[in-house]
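Here is how the chains run, residue by residue.
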Amino acid sequence: NPKAFIFDLDGVITDTAEFHYQAWKQLAEELGIHIDREFNEQLKGISRMDSLDRILALDSSYQSLAAEEKEGLATKKNEHYKQLMQAITPEHILPGIKDFLDTIKSNKIEIALASASKNAPMILEQLQLSDYFRYIVDPAKLSNGKPDPEIFTTAADFLSVDYSECIGVEDAASGVQAINAASMFSVGVGDKEVLAAADMVVEDTTGLDFNKIIEAFRQARN
Ligand code: G6P
Ligand code: MG
């Protein structure tokens with residue numbers, strides 16, 4: 001069996017990927033920049049500042065913003081986001097996730113969180129899921145974001161588990177890339193084409209079947 005499951009948060013455990021999109025869209029509109037869902041795929045898994053940079057890159061009039069101005073815009077997006085976040089309750093845990101976490105736990109496999117979001121600990125609290133997680137990586141302490149493997153290897157290092165014995169679960173292409181670069185087994189949740197690099201893809205969280213994942217993991221390790 002694997003020794004650890006390392007989860008992404010937004011779009012895997014709860015649908016905050018949608019809230020991030022809404023908050024960025026609101027900020028972008030205030031700046032007169034148009035973004036759509038297709039563009040948003042690029043923002044999944046990426047840090048707040050990197051996301052802002054990608055949005056500002058769409059409009060030539062924002063190319064020479066000072067660092068403080070960018071900080072201000074990033075903070076504004078986070079204010080929009082926190083507003084939306086207030087509504088999050090345990091009812092917002094995506095279907096199947098609670099059972100999946102229970103099954104992992106009863107099989108004595110470690111669980112950690114590898115989210116680029118600084119709001120992640122707060123969201124887990126609101127979902128009442130904090131107790132499942134042995135470790136939550138602090139993204140502020142990382143040198144490199146996804147697709148760099150650092151966030152996943154940091155979790156495994158804390159748990160003292162070999163990377164090859166970890167399974168990472170992600171909804172973002174950058175996250176799947178990060179898991180693969182860490183030599184972990186990657187499970188993608190979402191669109192098959194977007195997540196084509198994953199070792200295994202399920203359409204949504206109801207497809208996270210513990211036995212099927214373990215079987216695919218074992219096959220890949222043989
Ligand atoms: C996750 C989300 C991104 C978000 C990032 C930073 O990776 O997928 O959409 O931008 O976290 O989140 P934060 O809550 O710190 O702004
Ligand atoms: Mg995500």
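Nothing here was measured: the structure is a model prediction, and the numbers come from that model.

How should the nonpolar core be read in this particular structure?
One broad rule of soluble globular proteins: the nonpolar side chains tend to lie buried together. Phe5, Phe7, Ile13, Leu129, Phe133 and Leu208 are the most contacted members of the largest nonpolar core, which has 38 residues in total. Sequence-distant contacts of leucine 208, defined by excluding residues within four places in its chain, comprise Ile97, Phe100, Val169, Val187, Val189, Val202 and Ile213. Listed in part, the 17 residues of the second largest apolar core include Ile6, Ile151, Val161 and Ala182.

Got a minute to help me understand the sheet that holds strand β3 (residues 135-136) in this structure?
Neighbouring strands of a sheet are bound in pairs by backbone hydrogen bonds; such pairs are parallel or else antiparallel. With parallel pairing, the 6 strands of this open sheet are ordered in space as β3-β2-β1-β4-β5-β6. For this open sheet the edge positions go to β3 and β6 (200-202), each flanked by a neighbour on one side alone. Pairing of strand β2 (residues 110-113) with β3 involves 2 bridges; the strand directions are parallel. Along β3, the bridge assignment pairs alanine 112 with tyrosine 135. Relative to strand β1 (residues 4-7), helix α5 (residues 97-106) is tilted by about 150°, and along the sheet it contacts β1 and β2. Strand contacts of helix α7 (residues 150-159): β1, β2, β3 and β4 (166-170), with the helix running at about 145° to β1, the strand carrying the most contacts.

What's the story with the coordination of the magnesium ion (ligand 2) in this structure? I'm lost.
Reference values for coordination geometry: four tetrahedral donors around a metal ideally subtend 109.5 degrees, six octahedral donors ideally subtend 90 or 180 degrees. Surrounding the magnesium ion (ligand 2) are the protein donor atoms Asp8 (OD), Asp10 (O) and Asp171 (OD), which sit 2.0 to 2.2 Å from the metal. Spacing between the donor residues of the magnesium ion (ligand 2) along the chain follows D-x1-D-x160-D. According to the relative accessible area criterion, aspartate 10 is buried, its value standing at 12%.

Explanation requested: the site of ligand 1 in the structure shown.
Around ligand 1, 13 residues are found, and the nearest of them are Gly45, Arg48, Ser117, Lys118 and Asn119. Between an oxygen atom of ligand 1 and a main-chain N or O atom of glycine 45, the distance comes to 2.9 Å. Lysine 118 is positioned with one of its backbone polar atoms (N or O) 2.7 Å from an oxygen atom of ligand 1. Considered on its own, ligand 1 offers 390 Å² of accessible surface; in the complex 97% of this is hidden by protein. Within the shell around ligand 1, the residues separate by chemical class into 3 nonpolar, 5 polar and 5 charged.

Any chance you could explain the pairing of β4 here in plain terms?
On a regular strand, each side chain points to the face opposite its neighbour's, so the side chains alternate between the two faces of the sheet. Counted residue by residue, β4 has 5 buried out of 5 residues, so it is predominantly covered. Taking every second residue as pointing to the same face, both faces of β4 are buried, with Cys166, Gly168 and Glu170 on one and Ile167 and Val169 on the other. Sheet topology places β1 next to β4; 4 bridges connect them, and they run parallel. Along β4, the bridge assignment pairs phenylalanine 5 with isoleucine 167. Pairing between β4 and strand β5 (residues 185-189): 4 bridges, direction parallel. Its bridge partner being in β5, isoleucine 167 is matched across the sheet by phenylalanine 185. Between β4 and its parallel partner β5, the chain crosses via helix α8 (residues 173-181), and the hand of that crossover is right-handed.

Is there a simple way to think about the packing of aromatic side chains in this case?
Each pair of aromatic rings is reported with the distance of its centres and the angle of its planes. This model, assessed by the stated rule, comprises 7 aromatic pairs. Seen in terms of ring centroids, phenylalanine 7 and phenylalanine 133 are 6.3 Å apart; in terms of plane orientation they differ by 80°. Their pairing is edge-to-face. Highlighted residues: phenylalanine 7 in strand β1 and phenylalanine 133 in the loop between α6 (120-127) and β3, separated in sequence by 126 residues. Relative accessible area serves as the criterion here: at 8%, phenylalanine 133 is assigned to the buried category. For the pair phenylalanine 185 and phenylalanine 217, a centre-to-centre distance of 5.9 Å together with 90° between the ring planes defines the contact as edge-to-face. Of this pair, phenylalanine 185 sits in strand β5 while phenylalanine 217 sits in helix α9 (residues 210-221), and the two are 32 residues apart along the sequence. Exposure class is identical for phenylalanine 185 and phenylalanine 217. Each is buried. Each residue in the set Phe5, Phe7, Phe100, Phe133 and Phe210 is aromatic and connected to the rest through ring pairs, giving one cluster. Above the plane of the ring of tyrosine 81 lies lysine 77, whose end atom (NZ or CZ) is 4.8 Å from the centre.

Cut-offs and rules
Residues numbered from 1 in each chain as written. Chains lettered and ligands numbered in written order. Predicted model: local features only at pLDDT ≥ 70, side-chain atom pairs only at ≥ 80, totals over all residues. Heavy atoms only, no water. Core = buried A, V, L, I, M, F, W, Y, C linked by side-chain atoms within 4.5 Å. Buried < 20%, exposed > 50% of the residue type's maximum accessible area, 1.4 Å probe, protein only. Contact = heavy atoms within 4.5 Å. Pairing = 2+ DSSP bridges. Helix = DSSP H or I, 4+ residues; strand = E, 2+ residues; numbered from the N terminus. Axes fitted to C-alpha atoms, helices over the stretch in contact; angles between N-to-C directions. Donors = N, O, S within 2.8 Å, 3.2 Å for Na, K, Ca; no water. Near = heavy atom within 4 Å. Polar contact = N/O pair within 3.5 Å; in protein donor to acceptor, adjacent residues only side chain to side chain. Areas by Shrake-Rupley, 256 points an atom, 1.4 Å probe, with all protein chains shown as cover. Nonpolar A, V, L, I, M, F, W, Y, C, P; charged D, E, K, R; others polar. Right-handed = clockwise from strand over helix to strand, strands pointing away. Phe/Tyr/Trp six-rings, centres within 6.5 Å; stacked < 30°, edge-to-face > 60°. Lys NZ or Arg CZ within 6 Å of the ring centre and 35° of its normal.

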